[in-house]
Each structure stands twice: as structure tokens, then as C-alpha cells.
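Coordinates in review
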Amino acid sequence: MELIQHAADLSAYLAADEVIDHHHPVVRETAARLARGAADSYDYARAAYTFVRDAIAHSQDSGDLRVTWRASDVLTLRTGICHAKSHALAALLRAEDIPTALCYQRLLHDDGGGHVVHGLVAVRFHGAWHRQDPRGNKPGVHARFSLEGERLAWIPDPASNEMDYPVLYAEPHPAVLAALRAAPDRPHLWKTLPSAL
């Protein structure tokens, strides 16, 4: 699949905003701590990915009912669904000048009842975009950071009307962000997340 930049200017994928608030002190402090042990940008990106994947609980897996969406809140509270964790990873990567996009898949709901939009990121290295899924591993999910072939949580099944969306966004998709911001808790969010983009 060919990935398509939504914004032509690469600088859009380094920008800070209300969601990917990489100028926030908690984001800067976390980025600085991770960067201290990194040999180069690639090593830092892998460390940031691993931190978000493993140290921030996926709220569905952990049973946490809170809904986070702003990167600094995700890092502070250490919880979030795939979209929130993607926002946190994007902020950490952009804090160290690594262009990072938000991207999406359409997958079957865990309970098999309809579809839901799943969030992940793409990082820019060596003149190309590479998708990464910081959702968090669990039985049956073994995602890892890779620039040599995707190691995502899921591969969409076209026979189940699942799909990869090729567009790389500099900001969260408005439909996803609206659902996150309006949800008082995760059970409500599960009912309002978009099923397609």
C-alpha cells in the first residue's frame, strides 16, 4: 500500500497542537529521559515506541474506564486506547524532530459486532514512511518497532470488510477526536468511535 501525505509540507508532521502537545513539560521531560539512553534518532524512536507500547496501559486491556486524548494527559495518567497512545507517541517523536503522522485502520470490533477505526502512527526515516502500532501487546498481538517490514498489531482482512487507510494525517482525524473529547468514559466511547473514515 502506498501511504499518502494529507499535508504536502513535511513540517506539518513536526507541529505541536492541543492534542500532540509536545511542548508540554511532561512530554519534554519524558522525551529527554528517553533520549539520554539513545545513540541516534532511530534508537530514540524505538525507545519511545517501546515506552508507549509497554509503559502506558491500553485502557481496554487494563479495564481503566478513563478516556484520554491529549498526549500530555496520556503520559501523565499512563492510560489510553490506541488513538490516545498514538497521540502520545507522535508527541514524543516530534519532540525530537522526527516527522510523525497519524494513520488508521478499519477493523472488526473485539466482540465481532461491527467495525471500529483503529489508530496508529507512521514515522519518517530514510525518505520513507513506516507505520508503527503502539497499542500494546497481549495474547495474539505482537507488534514491534520496525523499519524493515511492518510489525503491526493487526493485518486487516478484506473478507471481513477490514482495511488500511493510506492517508497520513498531521492532526487526529476530526471524527476520531470528536468521539474521544465527548466521551465521559470508555464504555461510552466504544459506542461512539467511528466505524469508518
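Our structure's up above, just so we're on the same page.
Attention now moves to the packing of aromatic side chains. Evaluated as defined, the whole model comprises 5 aromatic pairs. Relative to phenylalanine 125, the ring of tyrosine 42 lies with its centre 6.3 Å away and its plane at 75°, an arrangement referred to as edge-to-face. Taken as a pair, tyrosine 42 in helix H2 (residues 41–55) and phenylalanine 125 in strand E5 (residues 115–125) lie far apart in primary sequence, 83 residues in all. On the basis of relative accessibility, which here comes to 32%, the residue tyrosine 42 falls in the partly exposed class. For phenylalanine 125, a relative accessible area of 10% gives the class buried. Here the aromatic residues Tyr42, Tyr49, Phe125 and Phe145 are joined through ring pairs into a cluster of three or more.

Look at helix H1 (residues 25–36) against H2: their axes get within 9 Å of each other, and the N-to-C directions meet at 125°. Classed by the angle they form, the pair H1 and H2 counts as oblique. Crossing of H1 against H2: the hand is right-handed. The residues of H2 that touch H1, namely those facing Thr30, Ala31, Arg33, Leu34 and Ala35, are Tyr44, Ala47, Ala48 and Phe51. Tallied by class, residues from the contact of H1 with H2 come to 7 nonpolar, 1 polar and 1 charged.

Along helix H6 (residues 174–182), the residues classified as buried are Val176, Leu177, Ala179 and Leu180. An end-on view of H6 places all buried positions within 160° of arc, on one side of the element. Turned more than 90 degrees away from the buried face of H6, the exposed residues are Pro174 and Ala182. For H6, the secondary structure elements touched by its buried residues are helix H5 (82–95), strand E4 (100–108), E5 and helix H7 (186–192).

This part takes up the state of the cysteines. With the rule as written, the count across this model stands at 0 disulfides. In this structure cysteine 82 is not part of a disulfide, and its nearest cysteine sulfur, from cysteine 103, lies 11 Å away. Accessibility expressed as a relative area gives 0% for cysteine 103, which makes it buried.

By the element assignment, valine 19 lies in the loop between strand E1 (4–5) and H1. For the pair formed by valine 19 and lysine 138, sequence separation is 119 residues and the distance between their alpha carbons is 26 Å. Contacts of valine 19, omitting those with residues within four sequence positions, involve Trp69, Arg70, Ala71, His87, Pro172 and Leu177.

As a further point, take H2. Spanning 15 residues, H2 covers 20 Å between terminal C-alpha atoms, matching the ideal 21 Å at 1.5 Å per step. All buried positions along H2 are accounted for by Asp43, Tyr44, Ala45, Ala48, Tyr49, Phe51, Val52 and Arg53. In this structure, the buried side of H2 is in contact with H1, helix H4 (71–77), H5, E5 and strand E6 (128–132). Where H2 begins, one side-chain oxygen reaches toward the backbone nitrogen of tyrosine 42, 3.3 Å away; that side chain belongs to aspartate 40.

What counts, and where the lines are drawn
- Residues numbered from 1 in each chain as written.
- Predicted model: local features only at pLDDT ≥ 70, side-chain atom pairs only at ≥ 80, totals over all residues.
- Heavy atoms only, no water.
- Phe/Tyr/Trp six-rings, centres within 6.5 Å; stacked < 30°, edge-to-face > 60°.
- Helix = DSSP H or I, 4+ residues; strand = E, 2+ residues; numbered from the N terminus.
- Buried < 20%, exposed > 50% of the residue type's maximum accessible area, 1.4 Å probe, protein only.
- Axes fitted to C-alpha atoms, helices over the stretch in contact; angles between N-to-C directions.
- Parallel < 35°, antiparallel > 145°, perpendicular 65-115°, else oblique.
- Left-handed = near helix turned anticlockwise from the far one by under 90°.
- Contact = heavy atoms within 4.5 Å.
- Nonpolar A, V, L, I, M, F, W, Y, C, P; charged D, E, K, R; others polar.
- Arc of directions from axis to C-beta.
- Disulfide = S-S within 2.5 Å.
- Expected span 1.5 Å × (residues − 1).
- Polar contact = N/O pair within 3.5 Å; in protein donor to acceptor, adjacent residues only side chain to side chain.

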